[in-house]
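Secondary and tertiary structure notes
Listed below are the residues making up each chain.
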Amino acid sequence: MTVGFIGTGSMGGTLVESFIQSGRLLPSDILISNRTRAKAEHLADKNPGLGIATSNRELVSQTSCFFLCVKPKEFRAVLDEIKEEVHEDQIVVSITSPVMIRDLEEWLPCKIAKIIPSITQAVQAGNSLFIPGSRLTANDREQLWDLFSAISRPLVIEEHHTRIASDLASCSPAFIANLLEKLADAAVEETQIPIESARSLVTQMAHGLGRLLTEGGFTLESLQQRVAVPGGITREGLDLLDEDVGPVFNRLIRLTHAKYEDDVVKVQQSLDH
Ligand SMILES: NC(=O)C1=CN([C@@H]2O[C@H](COP(=O)(O)OP(=O)(O)OC[C@H]3O[C@@H](n4cnc5c(N)ncnc54)[C@H](OP(=O)(O)O)[C@@H]3O)[C@@H](O)[C@H]2O)C=CC1
Ligand SMILES: O=C(O)[C@@H]1CCC=N1
């Protein structure tokens, strides 16, 4: 089966390379297209054997399953271009949260799924969020599940949980990296420890923390309990974080949801016939 990727930007490119690195797909199993052809050529140079289609329409005509890896405002142009070429046996996977499955099912006669990936898939880790459309058969679901199991832990979610699940799985690598950067910067500011040391310390800690939580038998709660010895220093820090940081995340979630609602409306306006 040839798998197509329309859009080889940050996430389209990451998925292509992750499937290849995992061994699940060979470069020759993949066909790509991108608005700026040089970007697709760059990816093909790094992964010999990868096919480049001359247009999105050509890609659609040569694949049984293809991914839409473009940004919300770019969907209309792609759908306009490919809609006559798509046939009902094909599987189309959108990786974009504010584009609703019902809109894609209205535009295209084929089987639709939304699978929201995460940058963590660059190292074959983290969850991918699987939202099956109404036309997928059990066999289609199995095929997609199997594909994404090679690079992630797929998780079925309801479409109305897309935003919050994506905040946690897809946006949080950036949010947590930002917190670690702030922690390292504060360490430099308060103590003049060299910045390289501070960044290395938090980075290596994050690596160990990830392993403790996924392989080391710890939960978020048990880990805090284990580190915060009674009457010790960590407890003082945790009390401060409980007071000051918790409300920031409430605001952050409200903010991402407000932006999402706005994007949903804009996408729907752009897709109105
Ligand atoms: N980045 C992330 O961590 C995650 C992103 N996503 C979602 O993935 C989607 C893509 O994001 P991301 O990869 O970061 O964005 P990018 O801007 O990096 O990539 C989008 C790509 O789509 C290409 N493109 C645009 N229009 C067309 C077209 N008509 N035909 C062919 N290719 C086209 C662009 O080409 P050009 O080179 O011309 O700009 C670009 O390479 C977004 O909806 C985002 O929400 C989901 C989960 C995580
Ligand atoms: O920032 C964004 O819009 C995308 C969605 C999930 C992660 N990145």
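Residues numbered from 1 in each chain as written. Chains lettered and ligands numbered in written order. Predicted model: local features only at pLDDT ≥ 70, side-chain atom pairs only at ≥ 80, totals over all residues.

Attention shifts here to the overall build of the protein chain. From N to C terminus, the protein chain includes 11 helices and 8 strands. Sequence separation of 24 or more characterises 60% of the internal contacts of the protein chain that already satisfy a separation of 6 or more. (Helix = DSSP H or I, 4+ residues; strand = E, 2+ residues; numbered from the N terminus. Contact = placed C-beta atoms within 7 Å.)

Our next topic: the site of ligand 1. Around ligand 1 there are 27 residues in total, and G7, G9, M11, R35 and T96 lie nearest to it. The set of elements that each furnish at least two residues to the shell around ligand 1 consists of α1 (10–22) and α4 (75–82). By residue number, the principal contributor to the shell around ligand 1 is α1, which donates 3 residues. (Near = placed C-beta within 6 Å.)

Here 8 strands make up an open sheet; going across it, the order is β3-β2-β1-β4-β5-β6-β7-β8 and the pairing mixed. In this open sheet, the two edge strands, each paired with only one partner strand, are β3 (51–52) and β8 (153–156). (Pairing = 2+ DSSP bridges.)

Residues F5, I32, F66, F67, C69 and V92 are the most contacted members of the largest nonpolar core, which totals 47 residues. Residue contacts for F5: discarding those within four places in its chain leaves G12, L15, V16, I30, I32, F66, F67 and C69. (Core = buried A, V, L, I, M, F, W, Y, C linked by C-beta atoms within 7 Å. Buried ≥ 20, exposed ≤ 12 C-beta atoms within 10 Å, placed from the backbone.)

Right, let's talk about the packing of helix α7 (residues 162–191) against helix α8 (residues 195–214) for a bit. When two helices pack together, their arrangement is captured by the angle between the axes and the distance separating the axes. Where α7 meets α8, the axes come as close as 9 Å, and the angle between the chain directions of the two elements is 145°. Crossing hand, α7 versus α8: right-handed. Contact residues: L180, L183, A184, A187 and V188 in α7; I195, A198, R199, V202 and A206 in α8. Tallied by class, residues from the contact of α7 with α8 come to 9 nonpolar, no polar and 1 charged. (Axes fitted to C-alpha atoms, helices over the stretch in contact; angles between N-to-C directions. Left-handed = near helix turned anticlockwise from the far one by under 90°. Nonpolar A, V, L, I, M, F, W, Y, C, P; charged D, E, K, R; others polar.)

In this section: the packing of α7 against helix α11 (residues 246–271). One can describe the packing of α7 onto α11 by two numbers: an axis separation of 10 Å at closest approach and a directional angle of 115°. As judged from the angle between their axes, α7 and α11 are roughly perpendicular. In this structure, the crossing between α7 and α11 has a hand that is right-handed. In this structure, α7 contributes R163, I164, D167 and C171 to the contact, and α11 contributes I253, T256, H257 and Y260. A class-by-class count of the residues in the contact of α7 with α11 yields 4 nonpolar, 2 polar and 2 charged. (Parallel < 35°, antiparallel > 145°, perpendicular 65-115°, else oblique.)

Taking the UniProt record as the reference, the feature "binding site: NADPH" (unreviewed entry) is found at N56. Turning to its location among the elements, N56 is positioned in helix α3 (residues 56–61). Here N56 falls in the buried class, since 23 other C-beta atoms lie within 10 Å of it. Discounting chain neighbours no more than four positions away, the residues touching N56 are I6, S33, V78, E81 and I82. (UniProt positions renumbered as here; feature names shortened; annotations may be inferred.)

For Q124, which is not glycine, the phi dihedral falls at a positive 55°. Position of Q124 among the secondary structure elements: in the loop between β6 (111–116) and β7 (127–132). Of note, the phi angle at Q192 is positive, near 65°, even though the residue is not glycine.

On to the domain arrangement of the protein chain. Here the protein chain is partitioned into domain 1 (3–157) and domain 2 (165–254). Listed by partner, the interface residues are 10 residues for domain 1 and 5 residues for domain 2. When its residues are assigned to classes, the side of domain 1 that touches domain 2 shows 5 nonpolar, 5 polar and no charged. (Domains from an automatic or database assignment.)

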